[in-house]
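Per-entry structural report
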Amino acid sequence: MQPQTSTPVEMRMMAVPDGKGGTVHKLMPVSPSVAAGRGKKKARPAPDPINANPDAAAQNLRQLIERLETLEGEKRGISDDIKDVYAEAKATGYDVKAVRAILRLRSLDPSTRLEDAAILETYLCALGME
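Here goes a summary of the coordinates provided. (Residues numbered from 1 in each chain as written. Predicted model: local features only at pLDDT ≥ 70, side-chain atom pairs only at ≥ 80, totals over all residues. Heavy atoms only, no water.)

All right, on to the pairing of strand β2 (residues 23-29) then. The sheet contact formed by strand β1 (residues 11-17) and β2 spans seven bridges and is antiparallel. Residue pairing in the sheet places Met-11 in a bridge with Pro-29 of β2. Between β1 and β2, which pair antiparallel in sequence order, lie five residues; one of them, Gly-19, sits at a positive phi of approximately 90 degrees. (Pairing = 2+ DSSP bridges. Helix = DSSP H or I, 4+ residues; strand = E, 2+ residues; numbered from the N terminus.)

To continue, consider the packing of aromatic side chains. What the rule picks out here adds up to zero aromatic pairs. In this arrangement the basic side chain of Arg-100 is found over the ring face of Tyr-86, its NZ or CZ atom lying 3.9 Å from the centre. (Phe/Tyr/Trp six-rings, centres within 6.5 Å; stacked < 30°, edge-to-face > 60°. Lys NZ or Arg CZ within 6 Å of the ring centre and 35° of its normal.)

This structure, assessed with the given rule, holds one salt bridge. Lys-75 serves as the salt-bridge partner of Glu-72, at 3.5 Å between the closest nitrogen and oxygen. In this pair, Glu-72 and Lys-75 are both assigned in helix α3 (residues 54-92), three residues apart and thus about one turn of the helix distant. Take Lys-75: its relative accessible area is 52%, and that puts it in the exposed class. (Salt bridge = Lys/Arg side-chain N within 4 Å of Asp/Glu carboxyl O. Buried < 20%, exposed > 50% of the residue type's maximum accessible area, 1.4 Å probe, protein only.)

Okay, here's the thing in C-alpha cells:
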C-alpha cells in the first residue's frame, strides 16, 4: 500500500464575516483556479467623468457650447464688417483685388516680403516677362 500524497493547498489570509456585522481575518485555502491566476491584477476601468458627476459634466459641456456660440456670432459679425469695408472700397473706386494683395503683403515680415519680391522678379526674368 502506497501512502497518499496530497498536493499542497495554498492558503491565504481572507476577510470573513464574523456573523455580528464585522469581519475577521482567517487563513483560508485558496481554490486552484484562484491560485493559478495569482499575480495577475484585475484591470480597473478608468472612471468616466460624465458618469462620475453628470451634473458637473453637463454644466461644463453647456458652458463650452455657449462660448462657441458666442464666438461664432462674433466671427459672423466681423466677417460682415469686412465685407462692408471691401464694398466701400469698391464703391470709392479702389481695386479690391489690389487692396487684398496689399493686406497680404503688409502682414508679411519686411525681410520675407523683400525675399518674395526678389524670387518673383527672378522667375519673371527667367520667363522673359520683364
